[in-house]
Amino acid sequence: MNIRYVCSQDERRTDAVLAAVAERAARAGIGLAGTVQPVDPGSAQEKCHIVLALLPDGARRDISFPLQPGVTGCRLDAGALEQAVLVVQERLPAAQGLVVNKFGKQEATGRGLVAAIGEACARGIPVLVGVSPPWRDAFLTFVDGRALPLPADEGPVFGWLQAACAKPAAA
């Protein structure tokens, strides 16, 4: 199992690092599957409005329910997330690495991208995960403590991913 994770108190920082690393990987010819949450400079970031970019092509999927003004709570559309997960799982066999934008509530309860992480590990594909600080303990329990942290810094994260993806995957 070759898993690394990025966990920053500033989730937008984690999102920005993973998105930048995925972009660099694409330019370097590293085939990735997975998801990143793009951070578009200048756009308003609404709490719980989630748009994913699916790797490797960056196709965007809004996985949020539109809520009426003044309504609070999480707007995750679990059905839309599961549709994105299906795309990731279809792309995984051809990938050199898997990037998961966030291990959060869905993954902590065994849903979301958990199956893709498990499949990547079984195939010997390196996995890079963004971990939301409140879910760090659940993530470490999920990976049985066998994931190592990386700093929320594009250089070291890309360096690890590049080196990990250069190694042949286990059959």
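Residues numbered from 1 in each chain as written. Predicted model: local features only at pLDDT ≥ 70, side-chain atom pairs only at ≥ 80, totals over all residues. Heavy atoms only, no water.

**Let's talk about the pattern of salt bridges**
In the structure shown here, the tally under the stated rule is five salt bridges. Glu 23 is the partner of Arg 27 in a salt bridge, and the nearest nitrogen-oxygen pair spans 3.1 Å. Of this pair, Arg 27 and Glu 23 both sit in helix α1 (residues 11-27), separated by four residues, roughly a single helical turn. Taking the relative accessible area as the measure of exposure, Arg 27 reaches 60% and is therefore exposed. Residues Asp 57 and Arg 91 are paired through a salt bridge, measuring 3.2 Å at the closest nitrogen-oxygen approach. With Asp 57 in the loop between β3 (51-55) and β4 (59-62) and Arg 91 in helix α2 (residues 78-91), this pair connects stretches of sequence that are 34 residues apart. (Salt bridge = Lys/Arg side-chain N within 4 Å of Asp/Glu carboxyl O. Helix = DSSP H or I, 4+ residues; strand = E, 2+ residues; numbered from the N terminus. Buried < 20%, exposed > 50% of the residue type's maximum accessible area, 1.4 Å probe, protein only.)

**Some remarks on the side chain of Ser 64**
Locating Ser 64 in the fold gives a position in the loop between β4 and α2. The class of Ser 64 is buried, set by a relative accessible area of 10%. In this structure the side chain of Ser 64 is engaged in a polar contact, spanning 2.6 Å, whose partner is the backbone nitrogen of Ile 50. (Polar contact = N/O pair within 3.5 Å; in protein donor to acceptor, adjacent residues only side chain to side chain.)

**Considerations on unusual backbone geometry**
A negative phi angle is the norm for most residues apart from glycine, just as the trans form is the norm for most peptide bonds. Of the consecutive residues Leu 55 and Pro 56, the connecting peptide bond is found in the cis state with omega at 10 degrees. Note that Pro 56 resides in the loop between β3 and β4. You will see that Asp 144, though not glycine, has its phi angle at about 55 degrees, which is positive. Among the secondary structure elements, Asp 144 is positioned in the loop between α5 (136-142) and β7 (147-150).

**Topic: the sheet that holds β3**
An order of β4-β3-β2-β5-β6-β1-β7 is seen for the seven strands of this open sheet, with the pairing classed as mixed. Of all strands in the sheet, those with a lone pairing partner are β4 and β7, marking the two edges. Adjacent strand axes in the sheet meet at a mean angle of 20 degrees when their direction is disregarded. Sheet topology note: the strand β2 (residues 32-36)/strand β5 (residues 97-103) ladder contains three bridges and is parallel. Looking at the pairing, Gly 34 lines up with Val 99 of β5. Packing against the sheet, helix α4 (residues 114-123) makes contact with β1 (3-6), β5 and β6 (127-131), and its axis sits at approximately 150 degrees to β5. Across the sheet, helix α6 (residues 154-166) lies against β1, β2, β5, β6 and β7, angled at about 150 degrees from β6, the strand it touches most. (Pairing = 2+ DSSP bridges. Axes fitted to C-alpha atoms, helices over the stretch in contact; angles between N-to-C directions. Contact = heavy atoms within 4.5 Å.)

Function cannot be read off these values alone, since they describe shape.
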